[in-house]
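Letter by letter, the chains look like this.
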Amino acid sequence: MSASRSETTNALGPDEPVPEGEGSAEPVTVPGSELLAALLDGMDAALCAFDADGTITHWNREAERILGWSSEEAVGRRGFAGWAVRTADAEEVQGRLMAAMDGPGRQVHEFALLRKDGGRVLVRTQSARVLGADGKPAGVYCAFSEVHAQIDLERSIALSEALFEDASWGVVLVDVDLRPTVVNGYASRALGAGRTSPLGRPLGELVVQGVEELEGALHHVLAEGAPRGLVELWVTLGTGDGERRRCWRSGFLRLASPLAEEPVPLGVGWLFHDVTESKLAEQEADRLRFRSSQLHRAGRAAAECEDPMEAATAYLDFALAGFADHALIDLAEPDGARLIRAAATPSGAPGPCVPVVGGGIPVRYPPGHPALQAADRNGSVRASAPTSKPADEWAAERQWPRDAVHALCTVLRSRGRTLGVVTFLRGASRPPFERADAMYAESMAVLTASALDLTRLTAD
């Protein structure tokens with residue numbers, strides 16, 4: 001009673017009186033044997049124990065599930081002979097199990113045990129000695145599981161290690177706060193970071209553009225599960241050499257704890273593969289296919305025009321689709337010294353290219369203007385607004401619509417003569433002109449120049 005009172009006093013504090021009307025409650029204790037039984041029965045692995053003579057002293061529920069023998073039937077038996085092991089194998093099995101008493105550490109064996117229904121099951125055991133109070137071996141405990149379950153576990157571990165080391169796909173484990181916790185070698189190279197530097201960091205520190213789409217996909221997986229198919233995400237990464245735009249074909253898996261009664265999200269497994277090169281090749285093929293179709297359609301439409309000038313503007317209307325926002329035609333004077341505006345698209349809203357009413361006044365292009373350079377070189381000139389000054393001022397100085405940011409000027413030539421220059425303009429929402437764009441513009445310029453040449457011949 002004194003021990004109980006001492007424990008109660010410590011719980012309340014030495015100076016706190018016992019509440020009136022309440023006695024000093026006895027502490028609730030769990031007997032050691034009941035606690036041990038609860039722990040053994042709650043284990044995921046089957047477990048049995050032998051004393052120094054080989055008599056079974058403990059047998060948990062997982063052992064009962066695997067072999068069918070209850071604890072009442074197993075405890076007290078001497079070894080496995082005649083009931084859990086064939087008689088011919090009993091001596092060898094018992095000897096290998098009890099050999100764990102001879103030294104420290106665990107020993108691993110595989111045995112074929114008998115079920116209560118007569119069936120056989122191959123198990124993998126781990127046995128180790130149990131020391132008594134005097135420090136001498138007092139018995140052996142043996143934990144065992146079905147070999148196929150152990151192989152499944154080892155296979156899962158091997159798969160995880162392979163994914164995180166040698167996989168040809170990027171693998172990133174993301175926690176519920178959308179922060180990477182594990183990154184494999186492929187993913188670290190794709191992100192331009194090491195294996196440990198991305199861990200715990202927000203994705204926005206790794207991805208410059210496209211992080212909203214990526215985080216949206218991860219949130220969707222956490223809330224509703226993985227999408228059925230793969231998702232292609234375009235992202236821009238910041239590196240020491242500048243920004244890199246990449247396309248990642250991604251798959252997502254929601255990770256849930258297998259130990260909880262209800263699925264509790266632990267995070268998301270994100271697997272991705274860099275398909276940038278193939279996507280760019282596909283886009284280029286689609287672009288060439290569309291532009292070839294536009295050239296064909298433009299030729300068919302121009303062939304139905306009675307007026308050659310109408311045919312020339314029809315070519316530019318087909319060229320503008322998906323290519324530029326504005327188009328201008330400047331024809332050269334007979335002496336070739338100046339350019340005169342002949343046709344243009346509206347400077348405000350998009351519209352067709354139409355002849356300029358009351359033309360004949362030379363365009364006031366300053367020296368070094370891209371159109372003049374194209375006429376001098378008999379080729380194409382590309383230009384873009386600098387970041388050092390407003391784009392509308394840059395466009396106004398060159399006599400272009402104020403929303404122009406990128407320009408491509410291509411010479412118009414027919415029968416060995418320079419007829420003028422055609423200019424294509426893009427706004428800020430489009431990328432700068434590239435070499436492939438110049439080739440397409442030159443193809444349209446050849447057709448346009450033929451129609452303009454016919455216009456002069458008709459006028460003469």
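Trainee: How do you make sense of the nonpolar core when you look at a structure like this?
Mentor: Ranked by size, the top nonpolar core spans 33 residues in total, and within it Phe323, Ile329, Leu412, Phe424 and Leu452 carry the most contacts. Those elements giving two or more residues to this core turn out to be helix H9 (276-303), helix H10 (308-320), strand E12 (326-332), strand E13 (339-344), strand E16 (406-414), strand E17 (417-426) and helix H13 (435-459). Setting aside residues no more than four positions away along its own chain, Leu412 makes contact with Ile329, Arg417, Thr418, Leu419, Gly420, Val421, Val422, Ala445, Thr448, Ala449 and Leu452.

Trainee: It is not clear to me how the layout of surface pockets should be interpreted in this structure. Could you clarify?
Mentor: Sizing a probe to match a water molecule and rolling it over the atoms shows the empty space that remains. The space that makes up the largest pocket amounts to roughly 360 Å³. Among the elements of the structure, H9 and H13 are those that each provide at least two residues to the lining of the largest pocket. Among the elements that make up the lining of the largest pocket, the one with the highest residue count is H9 (six residues). Around the second largest pocket, the lining residues are Ser160, Leu163, Phe164, Val171, Leu173, Leu253, Leu255, Gly269 and Leu271. Those elements that provide at least two residues to the lining of the second largest pocket are helix H6 (147-163), strand E6 (170-174), strand E10 (242-256) and strand E11 (265-274). Tallied by class, residues from the lining of the second largest pocket come to seven nonpolar, two polar and no charged.

Trainee: Would you explain the packing of aromatic side chains in this entry?
Mentor: Each pair of aromatic rings is reported with the distance of its centres and the angle of its planes. The full count for this structure, using the stated rule, is 15 aromatic pairs. Residues Phe80 and Trp83 carry aromatic rings whose centres are separated by 5.7 Å and whose planes lie at 75 degrees to one another, so their mutual orientation is edge-to-face. For the pair Phe80 and Trp83, a shared accessibility class is recorded, and that class is buried. Between Phe323 and Tyr440, the ring centres sit 5.1 Å apart and the planes meet at 75 degrees, which makes this aromatic pair edge-to-face. Here Tyr440 lies in helix H13 and Phe323 lies in the loop between H10 and E12, a separation of 117 residues in the sequence. Comparing Phe323 with Tyr440, the two get one shared label, buried.

So, how was this worked out
- Residues numbered from 1 in each chain as written.
- Predicted model: local features only at pLDDT ≥ 70, side-chain atom pairs only at ≥ 80, totals over all residues.
- Heavy atoms only, no water.
- Core = buried A, V, L, I, M, F, W, Y, C linked by side-chain atoms within 4.5 Å.
- Buried < 20%, exposed > 50% of the residue type's maximum accessible area, 1.4 Å probe, protein only.
- Helix = DSSP H or I, 4+ residues; strand = E, 2+ residues; numbered from the N terminus.
- Contact = heavy atoms within 4.5 Å.
- 1 Å grid on protein atoms, 1.4 Å probe; cavity = no way out; pocket = protein on both sides within 12 Å on 5 of 7 lines; lining within 4 Å.
- Points joined across faces, edges and corners; volume = space filled by probe spheres on them.
- Nonpolar A, V, L, I, M, F, W, Y, C, P; charged D, E, K, R; others polar.
- Phe/Tyr/Trp six-rings, centres within 6.5 Å; stacked < 30°, edge-to-face > 60°.

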